Amino acid sequence: MADEALFQFLHNEVIQYIYKSSEHGEMENGRCITKLENMGFRVGQGLIERFTKDTARFKDELDVMKFICKDFWTSVFKKQIDNLRTNHQGIYVLQDNKFRLLTQLSAGKQYLEHAPKVRKHNGEKLTCQALFIPVQLSPHKWFSLPLSLQYLAFTCGLVRGGLSNLGVKSIVTAEVSVMPACKFQVMIQKM
């Protein structure tokens, strides 16, 4: 439990540090997101090296994705991915219905007050695709950023870095429609 809290606090502090230490122009053109994603990429590479040193080689891409969803995700987030889907053409969707890095955030009063409400239209559930979270740069200066970019960039890099070290070149994106559930889309780049 303590290591989970440490990881969450460290993750939040890294995000705050990156944004507070950058200039306003860097936030607008995505350099902060790139920094977070690159940090995750390097950590993912290192973790995969450690986790796979005693495992047999994977047969195919699907075995690699299963390893990411079970062993890798469990080692990092203390639970497996809830759902793995594929179109068998190089696109995988990893769904975590209670993503650890969003759980605390989604339970907070500030989020509940400002979060978009889920509405129904003609019996169909509509959700918001981009949730915005304020980042405090200074006592009187705030900047809003889509949640999926700010709080999920590191994890996207983590997955991409892990896959990279397993010989799978990919693009990883994240989507949040209802907190704390999160979907990570992995598009495999054929070499």
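The text that follows walks through the structure, step by step, so that each part is easy to find. What you see is a predicted model; the values in this text were computed from it and never measured. (Residues numbered from 1 in each chain as written. Predicted model: local features only at pLDDT ≥ 70, side-chain atom pairs only at ≥ 80, totals over all residues. Heavy atoms only, no water.)

Let's talk about the environment of Asn165
Step number 1: Considering the arrangement of structural elements, one finds Asn165 in helix H8 (residues 153-165).
Step number 2: The exposure class assigned to Asn165 is partly exposed, which follows from its relative accessible area of 31%.
Step number 3: Separated by 124 residues in sequence, Asn165 and Phe41 place their C-alpha atoms 9.8 Å apart.
Step number 4: Residues contacting Asn165, with those up to four places away along its chain left out, are Gln45, Ile48 and Glu49.
Step number 5: Side chain to side chain, Asn165 and Glu49 meet in a polar contact 3.2 Å long. (Helix = DSSP H or I, 4+ residues; strand = E, 2+ residues; numbered from the N terminus. Buried < 20%, exposed > 50% of the residue type's maximum accessible area, 1.4 Å probe, protein only. Contact = heavy atoms within 4.5 Å. Polar contact = N/O pair within 3.5 Å; in protein donor to acceptor, adjacent residues only side chain to side chain.)

Looking at the nonpolar core
Step number 1: Ranked by internal contacts, the top residues of the largest apolar core, which has 38 residues, are Leu94, Phe99, Leu102, Leu163, Phe184 and Val186.
Step number 2: Residue assignment for this core shows that the elements contributing at least two residues are helix H1 (2-20), helix H3 (31-52), helix H4 (61-77), strand E2 (91-96), helix H5 (100-107), H8 and strand E8 (182-188).
Step number 3: It is H4 that provides the largest number of residues to this core, a total of nine residues. (Core = buried A, V, L, I, M, F, W, Y, C linked by side-chain atoms within 4.5 Å.)

Quick word on the sheet that holds E8
Each strand in a sheet pairs with its neighbour through backbone hydrogen bonds, running either in the same direction (parallel) or in the opposite one (antiparallel).
Step number 1: In space, the four strands of this open sheet follow the order E1-E2-E8-E7, with antiparallel pairing throughout. Strands at the two margins of the open sheet, each flanked by one partner only, are strand E1 (83-86) and strand E7 (170-175). This sheet shows a mean twist of 20° between the axes of neighbouring strands, independent of strand direction.
Step number 2: In the sheet, E1 pairs with E2 via four bridges, with the strands oriented antiparallel. Within E2, the residue paired with Asn83 across the bridge is Gln95.
Step number 3: Contacts between H4 and the sheet are confined to E1, E2 and E8, with E2 contributing the most and set at about 15° to the helix. (Pairing = 2+ DSSP bridges. Axes fitted to C-alpha atoms, helices over the stretch in contact; angles between N-to-C directions.)

Some details on the pattern of salt bridges
Step number 1: Enumeration over the complete set of coordinates arrives at four salt bridges.
Step number 2: In this structure, the salt-bridge partner of Lys190 is Glu61, at a minimum N-O distance of 3.2 Å. Of this pair, Lys190 sits in the segment after E8 while Glu61 sits in helix H4, placing them 129 residues apart in sequence.
Step number 3: Residue Lys190 is classed as exposed on the basis of its relative accessible area of 60%.
Step number 4: Two residues, Asp96 and Lys79, come together in a salt bridge whose shortest N-O distance is 2.6 Å. On the criterion of sequence distance, the pair formed by Asp96 in strand E2 and Lys79 in the loop between H4 and E1 is long-range, its members being 17 residues apart. The pair formed by Asp96 and Lys79 is uniform in burial state, with each residue classed as buried.
Step number 5: Three or more residues are tied together by salt bridges with common partners; here these are Lys79, Asp82 and Asp96. (Salt bridge = Lys/Arg side-chain N within 4 Å of Asp/Glu carboxyl O.)

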